[in-house]
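Structural overview
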Amino acid sequence: MVFCLKNTGMPIKKIREFVDLSRRAEQTLPQRCEILMAHKRDVEGRIASMKSNWPK
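So, here is what we can say about the structure in this document. (Residues numbered from 1 in each chain as written. Predicted model: local features only at pLDDT ≥ 70, side-chain atom pairs only at ≥ 80, totals over all residues. Heavy atoms only, no water.)

1. A word on the overall build of the protein chain
Under the convention used in this document: Strands are runs of DSSP state E lasting at least 2 residues, helices are runs of H or I lasting at least 4, and numbering of each runs from the N terminus. Note on contacts: a residue pair qualifies if any of its non-hydrogen atoms lie within 4.5 Å across the two residues. For accessible areas, the Shrake-Rupley method is used with a probe of radius 1.4 Å. Any residue's cover is judged against the shown protein chains and nothing else.
Helix and strand counts for the protein chain come out as three helices and zero strands. Going residue by residue from the N terminus, the α and β elements of the protein chain occur as α-α-α. Once the C-alpha set of the protein chain is aligned to its principal axes, its extents read approximately 50 × 20 × 15 Å. The long-range share in the protein chain, meaning contacts at least 24 apart out of those at least 6 apart in sequence, stands at 32%. On the protein chain, roughly 4700 Å² of surface is accessible, and the fraction owed to carbon and sulfur atoms is 63%.

Here it is as structure tokens:
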């Protein structure tokens, strides 16, 4: 999971936060989901930006 997050450009600080939350079990599930959803939105935004700048 850590390698996937790093390979998609998540900052190390956020990865550490995610891992720390993971160690605290189920009660941190909402926070971990929000981190992943925010990262997904960021990646999708970067993809859309790259597509719009791609030569046609």
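Alright, that's what it looks like, and here's the rest.
2. Let's talk about the packing of helix α2 (residues 12-22) against helix α3 (residues 29-53)
Let me state the cut-off plainly: Here an angle of 0 to 180 degrees is reported between the N-to-C directions of two axes, which are lines fitted to C-alpha atoms, with helices fitted over the stretch in contact. An angle below 35 degrees is treated as roughly parallel, one above 145 as roughly antiparallel, one from 65 to 115 as roughly perpendicular, and anything else as oblique. Crossings are assigned a handedness: left-handed for a near helix turned anticlockwise from the far helix by less than a right angle, right-handed for a clockwise turn. Note on residue categories: nonpolar means Ala, Val, Leu, Ile, Met, Phe, Trp, Tyr, Cys or Pro, charged means Asp, Glu, Lys or Arg, and polar means any other residue, Gly included.
Running from amino to carboxyl end, α2 crosses α3 at an angle of 155°, the nearest separation of the two axes being 9 Å. What the angle tells us is that α2 and α3 run roughly antiparallel. Considering the relative orientation of α2 and α3, their crossing is left-handed. Note on element contacts: α3 touches α2 through Gln 31, Arg 32, Ile 35 and Leu 36, opposite Glu 17, Phe 18, Leu 21 and Ser 22. Grouping the constituent residues of the contact of α2 with α3 by class yields four nonpolar, two polar and two charged.

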